[in-house]
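Below, each chain spelled out in residue letters.
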Amino acid sequence: MVRNIQLRVSLKEEAQKNIILKKAAKYLGEDEEDIIVKVQRKSIDARKPTIYFNYKIEVYIKEKPSKIPDYSFDYKDVSNANKIHIIGFGPAGMWAALRCLELGYKPIVLERGKNVQERRRDLKAINRDHIVGEDSNYCFGEGGAGTYSDGKLYTRSLKRGDVRRIFESLVYHGATAQILIDAHPHIGTNKLPKVVQNIRETILKHGGEIHFNSRVTDLTVKNNKIETIQLNNSDEIKVSRVILATGHSARDIYYLLNDKKISLKAKSFAMGVRVEHPQHIIDSIQYHCKGERNELLPAAAYSLVEQVKNRGVYSFCMCPGGFIVPAATAPGEVVVNGMSPSKRNNTFANSGIVVEINVNEDIGKYEKYGVLKGLEYQKDLERLAYTSGGRTQTAPAQRLTDFVEGRLSTDLNPTSYQPGLKSAPMHSLLPKLIGARLRGGFKAFGEKMKGYYTSEANIVGVESRTSSPVSIPRNENLEHPEIQGLFPCGEGGGYAGGIVSAAMDGERCAEAAIVGL
């Protein structure tokens, strides 16, 4: 017999050996030796001083769980199969390629950047030497922006595909099985590169192709059908089906499509700053504790949202025990992002705090740029951050309280941001559209989380790549409505927001691209 039950375990009980087994046996009135417990879901409830762990479990009474996995991945040898070309090897491109293997089609992946091992040298150059490689950085390269990130896997896109299938695929390729259980799963920036490498090896082993340092520079369309793509090495490739999975920062692709008169749409997006606190402050707020948190508790996270002047101000990509990184994709700009290692054991917590920008109402001065108006607005703020930071990857920063109260910081708090910080009057540099709402948001967040509003926190600018300010339209068949054979995909197309939703969209686009081939 199998029973599904939910248990609530206090922090004190959690420290006891076999507590789940003991509580399940007591709940069911069975002997411990007659049952086997399988945890399905685990979450933490820290809303009150007494902290609880919530467990959803399957209990097998006088029987054993099946050893047959719920998911299997039948990757076929596609060496001589029909080809699907995939531009970009981030989450959308990776899972599009993996799905092609299952469906019996040969993925040909074209990635502008380098593999995960070679990318490390370019990341070091950004952090240490302030040199930004335009094709190899924190956004471009094998695995995309997700490779050197926290690896957050939480998504609300439950209707877009099989979330569990993506998780199982990650575990198949080397991720910890803990992601199948945790309510807010993550892998960690130190573990993701190996998972990405394993996905690459699966694709190559089964006859797919992956070409690094292969940036698409042009394409030809005849009779409303994509026929060829050109690469930076002057190669021209004949194509019939192209999945465009270039990510939200591949601005050259938007410019190329716009120049070719291929329809794009301006899309609303969000911009703001990163805020960085000592992790112990966030722990003390969220866990109602003084001093160090209990070792059974992970570094505390938070999620905040507030309406300020009819626009949402909210936390984005919160990284407990993490660090801030330079995410620029071209010289002359400063962009910041956040990530965490698997243990989330850094001394700082950081989060994007961003403001919704309605592309049709908020940036009228940029109308001359048409569908690219949001992109140009985004670029201008990144250039402003570059100049105010000292024209290097040093980022402009301010103490949180100084920003809200409108005064220059005479000094700054310690930071995890390796290129360094420079005190700047962010309160006057940021457009009122963003700055005024951020100040209102921070005040409100200080009321919601007592201790959050503190001079011990820095704000660092700018957090500008939360999503693409441009979308590439597609029809009900996931194909561009004007260009036969072109399938816009993932975050770059405007159809995903994060690793899991991008991966699911990649699978769907692969399924759509093979129809009639």
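It should be emphasised that the depicted structure is a prediction, and the values quoted were computed from it without experimental measurement.

Reading guide: rules and limits
- Residues numbered from 1 in each chain as written.
- Predicted model: local features only at pLDDT ≥ 70, side-chain atom pairs only at ≥ 80, totals over all residues.
- Heavy atoms only, no water.
- Helix = DSSP H or I, 4+ residues; strand = E, 2+ residues; numbered from the N terminus.
- Rg over C-alpha atoms; globule rule 2.2 N^0.38 Å.
- Buried < 20%, exposed > 50% of the residue type's maximum accessible area, 1.4 Å probe, protein only.
- Contact = heavy atoms within 4.5 Å.
- Areas by Shrake-Rupley, 256 points an atom, 1.4 Å probe, with all protein chains shown as cover.
- Lys, Arg positive; Asp, Glu negative; His and termini not counted.
- Charge placed at Lys NZ, Arg CZ, Asp CG, Glu CD.
- Phe/Tyr/Trp six-rings, centres within 6.5 Å; stacked < 30°, edge-to-face > 60°.
- Lys NZ or Arg CZ within 6 Å of the ring centre and 35° of its normal.
- Core = buried A, V, L, I, M, F, W, Y, C linked by side-chain atoms within 4.5 Å.
- 1 Å grid on protein atoms, 1.4 Å probe; cavity = no way out; pocket = protein on both sides within 12 Å on 5 of 7 lines; lining within 4 Å.
- Points joined across faces, edges and corners; volume = space filled by probe spheres on them.
- Nonpolar A, V, L, I, M, F, W, Y, C, P; charged D, E, K, R; others polar.
- Axes fitted to C-alpha atoms, helices over the stretch in contact; angles between N-to-C directions.
- Parallel < 35°, antiparallel > 145°, perpendicular 65-115°, else oblique.
- Left-handed = near helix turned anticlockwise from the far one by under 90°.
- Pairing = 2+ DSSP bridges.
- Salt bridge = Lys/Arg side-chain N within 4 Å of Asp/Glu carboxyl O.

So, about the overall build of the protein chain. For the protein chain, the count of helices and strands is 14 helices and 22 strands. For a compact globule of 517 residues, the expected C-alpha radius of gyration is about 24 Å, and the protein chain comes in at 24 Å, within 12% of that figure. Scored against the burial criterion, the 517 residues of the protein chain give a buried share of 57%. Sequence-distant contacts in the protein chain: of pairs separated by 6 or more residues, those separated by 24 or more amount to 71%. Total accessible area on the protein chain is roughly 22600 Å²; 47% of this is exposed by carbon and sulfur atoms. With 72 positive and 59 negative side-chain charges, the protein chain shows a spacing of 2 Å between the two charge centroids.

Counted according to the given criterion, the structure contains nine aromatic pairs. Their ring planes at 35 degrees and their centres at 6.0 Å tell us that Tyr-366 and Tyr-369 sit as a pair that is tilted. For Tyr-366, a relative accessible area of 17% corresponds to the buried category. These aromatic residues form a ring-pair network of at least three members: Tyr-302, Phe-403, Phe-442, Phe-445 and Tyr-452. One residue, Arg-474, lies across the ring of Tyr-495, its end atom 3.7 Å from the ring centre.

Counting residues in hydrophobic clusters, the biggest one holds 66 residues, and the most contacted among them are Val-275, Tyr-377, Ile-434, Leu-438, Phe-442 and Tyr-452. The contacts of Tyr-377, once residues within four sequence positions are left out, are Phe-269, Met-271, Ile-357, Ile-363, Tyr-366, Pro-431, Leu-433 and Ile-434. Core analysis: the next-biggest nonpolar cluster, separate from the first, contains 54 residues, Trp-95, Phe-487, Cys-489 and Ala-512 among them.

Before going further, it helps to examine empty space enclosed by the protein. Rolling a probe over the atoms, with the probe sized like a water molecule, indicates the empty space that remains. Here the structure, examined in full by the defined rule, presents three cavities of 30 Å³ or more. Around the largest cavity, the lining residues are Pro-91, Met-94, Trp-95, Gly-143, Gly-146, Thr-147, Leu-170, Leu-192, Val-195, Val-196, Ile-199 and Ile-499. When contributions to the lining of the largest cavity are tallied by element, the ones reaching two or more residues are helix H3 (91-103) and helix H6 (192-205). Counting residues per element, the lining of the largest cavity draws most heavily on H6, at four residues. Here the residues of the lining of the largest cavity are counted per class, giving nine nonpolar, three polar and no charged. Of the volumes computed, that of the second largest cavity is approximately 50 Å³. Every residue along the wall of the second largest cavity is listed here: Ile-87, Val-216, Leu-219, Ile-229, Leu-244, Ile-253, Leu-256, Leu-257 and Leu-486.

Bringing the packing of H3 against helix H14 (residues 499-513) into the picture now. The interhelical angle for the contact between H3 and H14, taken along N-to-C directions, is 40 degrees, at an axis separation of 7 Å. The orientation of H3 with respect to H14, classified from their angle, is oblique. Two packed elements cross with a definite hand, and for H3 against H14 that hand is right-handed. On the side of H3, the interface is formed by Pro-91, Ala-92, Trp-95, Ala-96, Arg-99, Cys-100, Glu-102 and Leu-103, while H14 contributes Ile-499, Ala-502, Ala-503, Gly-506, Glu-507, Ala-510 and Glu-511. Its residues assigned to classes, the contact of H3 with H14 shows ten nonpolar, one polar and four charged.

To continue, consider the sheet that holds strand S4 (residues 83-87). Spatially, the five strands line up as an open sheet ordered S6-S5-S4-S10-S22, and their pairing is parallel. Strands at the two margins of the open sheet, each flanked by one partner only, are strand S6 (209-211) and strand S22 (486-488). Going from strand to strand, the sheet's axes swing by 20 degrees on average, the running direction of each strand aside. Taken together, the three bridges between strand S10 (residues 242-244) and S22 define a ladder with parallel strand orientation.

Our focus in this paragraph is the packing of H3 against H6. The axes of two packed helices give the description: the angle between them and the distance between them. Where H3 meets H6, the axes come as close as 10 Å, and the angle between the chain directions of the two elements is 35 degrees. Crossing angle aside, the handedness with which H3 passes H6 is left-handed. In contact with Met-94, Trp-95, Ala-97, Leu-98 and Leu-101 of H3, H6 contributes Val-196, Ile-199, Thr-202 and Ile-203. Its residues placed into classes, the contact of H3 with H6 shows eight nonpolar, one polar and no charged.

A few words on the layout of surface pockets. Roughly 340 Å³ of volume is contained in the second largest pocket. Only strand S2 (35-45), strand S3 (52-61) and helix H5 (163-172) provide two or more residues apiece to the lining of the second largest pocket. Among the elements that take part in the lining of the second largest pocket, S2 stands out by supplying three residues, more than any other. A class-by-class count of the residues in the lining of the second largest pocket yields eight nonpolar, two polar and six charged.

Remark on secondary structure: sheet strands pair via backbone hydrogen bonds, oriented parallel or antiparallel. Spatially, S13-S14-S17-S12-S20-S18-S19 is the arrangement adopted by the seven strands of the open sheet, whose pairing is mixed. For this open sheet the edge positions go to strand S13 (305-308) and strand S19 (421-423), each flanked by a neighbour on one side alone. Shown here is a sheet whose adjacent strand axes are inclined to one another by a mean of 35 degrees, direction ignored. Alignment of strand S14 (residues 311-319) against strand S17 (residues 348-357), held across five bridges, turns out to be antiparallel. Residue pairing in the sheet places Val-313 in a bridge with Val-355 of S17. Helix-sheet contacts for helix H12 (residues 432-448) involve strand S12 (269-278), S13, S14, S17 and strand S20 (458-463), and the interaxial angle to S17 is about 130 degrees.

Counted according to the given criterion, the structure contains 37 salt bridges. Here Glu-14 ties to Lys-42 by a salt bridge, and the two come within 3.5 Å at their closest N and O atoms. Taken as a pair, Glu-14 in helix H1 (residues 11-14) and Lys-42 in strand S2 lie far apart in primary sequence, 28 residues in all. Owing to a relative accessible area of 14%, Glu-14 belongs among the buried residues under this scheme. The partly exposed category is assigned to Lys-42, whose relative accessible area is 23%. A salt bridge links Arg-465 to Glu-382; its shortest N-O distance comes to 2.8 Å. Here Glu-382 lies in helix H9 (residues 373-388) and Arg-465 lies in the loop between S20 and strand S21 (470-471), a separation of 83 residues in the sequence. Residue Arg-465 is classed as buried on the basis of its relative accessible area, which comes to 7%. Residue Glu-382 is classed as buried on the basis of its relative accessible area of 0%. Connected through shared salt-bridge partners, Arg-99, Glu-102, Arg-165, Glu-507 and Glu-511 make up one network.

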